[in-house]
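# Examination of the molecular architecture
In case you want the letters, here they are:
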Amino acid sequence: MSDRNEKLKQLKTSSMDRRLSIAKASLLAGTRWAASSASSIFSNEEDKEKKRKQAMKEQAEYLVAEIGKLKGSIVKIGQMMALYGEHFLPDEITQALNTLNNQTVALAWPAIKEQLVKQLGSKLDDLTIDHEPLGTASLAQVHRATRKSDGMELVLKIQYPGVASAIDSDMSLFKNMLKLTRMVPQTREFDQWFDEVREMMHREVSYKIEAATTRRFAARLKEDPRYIVPQIVEQYCTDQVLCMTFERGVPINSPVMLSLPQERRNQLGEASLEIAVRELFEWGEMQTDPNFGNYLVRLGDGENIRDKIVLLDFGAIRQFDQQLLQVARNLIKAGYHHDAEAMVASMSGYDFFNNMPMSIKPDMAKVFLMATEAFSTYENNPELPAGVMDEQQRYDWKKSQLHSRVIQRASKSMASRYFTIPPKEFMFISRKFIGAYTFMTVIDAKTNVRKMIQPYL
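Anyway, here's the lowdown on the structure attached to this text. Keep in mind it's a predicted model, so treat the numbers as computed, not measured.

### Observations concerning the packing of helix H7 (residues 188-204) against helix H17 (residues 424-442)
At a closest axis distance of 11 Å, the pairing of H7 and H17 adopts a crossing angle of 60°. In this view, H7 runs oblique relative to H17, as classed from their interaxial angle. Counting all contacts with H7, which are made through Gln192, Trp193, Glu196 and Met200, the residues of H17 involved are Lys424, Met427 and Phe428. Of the residues in the contact of H7 with H17, the class split is four nonpolar, one polar and two charged.

Here it is as structure tokens:
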């Protein structure tokens, strides 16, 4: 949420202004980086590494601060690179980029109103709009509204002016910035990820795609009382304004969530993971942004009215080809049976695994078996840590510390160098499940995930 006392009067949308700002910052950071490298030339290797990391941290933080001043698509690019670039960007850079999530100063109401008038024209007279945003982001901000004719509560997602047209130039700016600073190796894998971010950016600013996806998920879940998907209100939608019904709820990490009885938290945890399972096994497309801001919980009364998960944002939906989907499904099935041979066999049919030496695959299978241990049981998995699964086969996510254990196992694995830059599509699926795992850890849920897989065996 933005600081109500600090708002931008306008965005710096001029390509020349943005280019000059980034070029100046990049050259200065690059010069400092080169100077720090030269100053440590006579140091021992340990001191050199310390100085290198400190210098990279300082220059990355400086660059991110300059990016944050520009807002718009270049900030979103930085956020995406922080989220998906951890495998090819230095830690110091991803840590600095992660701070962009906090730089969400709102655009002042006069500028937002000007955009709304341009997009909606006379339809704007139908609505009473709260001048204070419900939320702000790098590409858009959300305002609550009421339709005067019937009192319907709405939200308007309003794209900042000039954002869509600036994506390609901002992408070039960002890439040139990294080149000028010489802090990031320019590799083929980096170029592939960068192109993927470009495609994601263009999809995210297409509100027609987001509206269609929202309707598609609403249709799939309309008979399931555990979920709420906002309704698109077409009358007030344009290329740069998305209108939908306002849906109440509390944040996932709200203290009230942990005050719920264990059984209610368990049910919410199962509902969150079941979405990921159905996306993978039934629908072939996923919400790949694990941000908690994309979810709310509408609390029930614990008796007659059940708790519901509100699914808010469908701008980061990604579709996957059948070959990758089948590989991912087989990996989870192998985890269900805790079958090392089946896990190795599941790796065939996908270039990333096909290009890997066969001698490495058993070692990698151990990492995957640990990552999928919640789908196994004590009867078939003697390596399950004591006390993480009860007699009802409910897995204790918080107690398991699964994510940290998997990272530790992978880093020590003989196959660790093959984890350095995994295929981007595979990472999207991994991110989705990590997000669901984190959801359950945060609300301290204990869930039986084996039963979710059984219909697909």
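### Comments concerning the pairing of strand E5 (residues 140-147)
Pairing analysis gives three bridges linking strand E3 (residues 127-129) to E5, with the strands arranged antiparallel. Residue pairing across strands places Thr128 opposite Thr146, the latter belonging to E5. Pairing of strand E4 (residues 135-136) with E5 involves two bridges; the strand directions are antiparallel. Residue pairing in the sheet places Gly135 in a bridge with Val142 of E5. Where E4 folds back on E5, the antiparallel hairpin that results is connected by three residues. Where E5 and strand E6 (residues 153-159) come together, seven bridges link them in antiparallel fashion. Note on E6: the bridge partner recorded for Ala140 is Gln159.

### Examining the sheet that holds strand E9 (residues 250-251)
What the four strands build is an open sheet, ordered E7-E12-E11-E9; its pairing is mixed. Edge positions in the sheet fall to strand E7 (227-228) and E9, since each has one partner strand and no second. With two bridges connecting them, E9 and strand E11 (residues 295-298) associate as antiparallel partners. What sits directly across from Val250, in E11, is Val297. Along the sheet face, helix H10 (residues 262-283) touches E7, E11 and strand E12 (308-311) and points at about 40° away from the line of E12.

### Concerning the side chain of Glu270
With respect to the helices, strands and loops of the structure, Glu270 is situated in helix H10. Using a relative accessible area of 16% as the deciding quantity, one classes Glu270 as buried. Only 3.3 Å separates the side chain of Glu270 from the backbone nitrogen of Asn448, close enough to count as a polar contact. Beyond its immediate sequence surroundings of up to four residues, Glu270 is in contact with Thr447, Asn448, Lys451 and Met452.

### Some points on the pairing of E12
With two bridges connecting them, E7 and E12 associate as parallel partners. In the strand pairing of E12, Ile228 is matched with Val310. Sheet analysis places E11 next to E12, joined by four bridges and oriented antiparallel. Along E12, the bridge assignment pairs Leu296 with Val310.

Calculation notes
Residues numbered from 1 in each chain as written. Predicted model: local features only at pLDDT ≥ 70, side-chain atom pairs only at ≥ 80, totals over all residues. Heavy atoms only, no water. Axes fitted to C-alpha atoms, helices over the stretch in contact; angles between N-to-C directions. Helix = DSSP H or I, 4+ residues; strand = E, 2+ residues; numbered from the N terminus. Parallel < 35°, antiparallel > 145°, perpendicular 65-115°, else oblique. Contact = heavy atoms within 4.5 Å. Nonpolar A, V, L, I, M, F, W, Y, C, P; charged D, E, K, R; others polar. Pairing = 2+ DSSP bridges. Buried < 20%, exposed > 50% of the residue type's maximum accessible area, 1.4 Å probe, protein only. Polar contact = N/O pair within 3.5 Å; in protein donor to acceptor, adjacent residues only side chain to side chain.

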